[in-house]
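As a plain string of letters, each chain reads:
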Amino acid sequence: MKSDFEEKTLHRTQVYKGKVIELCVDTVMLPNEKKGTRELIFHNGAVCVLIVNPAGKIVFVRQYRKALEQSLLELPAGKLEVGENPREAVMREMNEEVGYTCSDVELLYTFYGCPGFCNEKLYLYRAIHPELAVQKLEPDEDEFVEQIELDIKEAFTLLEKGEIQDGKTIMALQYLYLEMLKNRSNGLNLVEE
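Model, not experiment: these values are computed from the prediction.

(A) Highlighting the pattern of salt bridges. Following the criterion strictly, the structure yields twelve salt bridges and no others. A salt bridge links E69 to K66; its shortest N-O distance comes to 2.8 Å. In this structure E69 comes out as partly exposed when scored by relative accessible area, which is 46%. Across the salt bridge formed by R92 and E84, the nearest N and O atoms sit 2.9 Å from each other. A relative accessible area of 24% means that R92 is categorised as partly exposed.

Structure below.
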């Protein structure tokens, strides 16, 4: 959708192209007819999956994030390969990271995490009827994750304490909270009081 605030690209300089991202600097014409500079990151996108297993536990991973120099508690997730279908990618990532499979996945949301400088589109799915499929995980050779299963109350407590800081994970927990509110109004309760 175009708007009166569109910035026209006059020139693009590629600064870096790696396996995961491309960094460019654009010279743009601003809506007020002045020139500006935009530093941009281009990324193929990523998938993440909300798994509530048959025991009613949410499946998380704890993973070290070098950009933050700390470990984060997050949903299982991974990047899209060039041309890869997000639905197929989320099924692959679910199996690789936590050893789960499912009969199907439901797309909950698509969103941009940092649209001010990055075009990475994220696809948040919910696993339908998840089952533990493999006992021996086969993560990528440079990927080290710890699987953690928490009940909904435990997850909400960690969120309230600020111990869950990953945006996609927070969005998934908010989805669960809204579902609980809807179900309560229909006489159902997903979490024991």
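Structure shown, so let's carry the discussion forward.
(B) Quick peek at helix α3 (residues 167–185). Given a rise of 1.5 Å per residue, 19 residues ought to cover 27 Å, and the 27 Å separating the end C-alpha atoms of α3 matches this to within 8%. Listed in full, the buried residues belonging to α3 are K168, T169, A172, L173, Y175, L176, M180 and N183. Taken around the axis of α3, the buried residues stretch over an arc of 150 degrees, which confines them to a single face.

(C) Expanded view of the layout of surface pockets. The calculated volume of the largest pocket comes to roughly 1,500 Å³. Around the largest pocket, the lining is made up of 39 residues, and of these H43, R65, E74, E120 and K168 lie nearest the centre. By residue number, the principal contributor to the lining of the largest pocket is helix α1 (residues 86–98), which donates four residues. Broken down by class, the residue content of the lining of the largest pocket amounts to 17 nonpolar, six polar and 16 charged.

(D) Representation of the packing of helix α2 (residues 152–160) against α3 within the structure. Orientation of α2 relative to α3, taken along the N-to-C sense of each, is 125 degrees, at an axis distance of 11 Å. Classified by the angle their axes make, α2 and α3 are oblique. The crossing of α2 and α3 is left-handed. Seen from α2, the contacting residues are I152, A155, F156 and L159; seen from α3, they are I170, L173, L176, Y177 and M180. Among the residues forming the contact of α2 with α3, the class breakdown is nine nonpolar, no polar and no charged.

(E) Looking closely at the sheet that holds strand β10 (residues 121–128). Strand order across the open sheet formed by four strands is β7-β4-β10-β9, with mixed pairing between neighbours. A single partner strand is all that each edge strand has here, and the edge strands are β7 (77–79) and β9 (104–112). In this sheet, neighbouring strand axes are inclined to one another by 20 degrees on average, regardless of whether the strands run parallel or antiparallel. Relative to β10, β9 is paired through eight bridges, and the arrangement is antiparallel. Across the sheet, residue D104 finds its bridge partner in β10, namely I128. The sheet contacts of α1 involve β4 (46–50), β7, β9 and β10, and relative to β4 the element is tilted by about 60 degrees.

(F) A look at the nonpolar core. L50, I58, F60, L73, L124, L173 and L176 are the most contacted members of the largest nonpolar core, which has 24 residues in total. Those elements giving two or more residues to this core turn out to be β4, β5 (58–65), β9, β10, β12 (145–150), α2 and α3. Of the residues forming this core, the biggest block, five residues, is contributed by α3. In this structure, V47, V61, V98 and Y123 belong to the second largest nonpolar core, which totals 16 residues.

Definitions and cut-offs
Residues numbered from 1 in each chain as written. Predicted model: local features only at pLDDT ≥ 70, side-chain atom pairs only at ≥ 80, totals over all residues. Heavy atoms only, no water. Salt bridge = Lys/Arg side-chain N within 4 Å of Asp/Glu carboxyl O. Buried < 20%, exposed > 50% of the residue type's maximum accessible area, 1.4 Å probe, protein only. Helix = DSSP H or I, 4+ residues; strand = E, 2+ residues; numbered from the N terminus. Expected span 1.5 Å × (residues − 1). Arc of directions from axis to C-beta. 1 Å grid on protein atoms, 1.4 Å probe; cavity = no way out; pocket = protein on both sides within 12 Å on 5 of 7 lines; lining within 4 Å. Points joined across faces, edges and corners; volume = space filled by probe spheres on them. Nonpolar A, V, L, I, M, F, W, Y, C, P; charged D, E, K, R; others polar. Axes fitted to C-alpha atoms, helices over the stretch in contact; angles between N-to-C directions. Parallel < 35°, antiparallel > 145°, perpendicular 65-115°, else oblique. Left-handed = near helix turned anticlockwise from the far one by under 90°. Contact = heavy atoms within 4.5 Å. Pairing = 2+ DSSP bridges. Core = buried A, V, L, I, M, F, W, Y, C linked by side-chain atoms within 4.5 Å.

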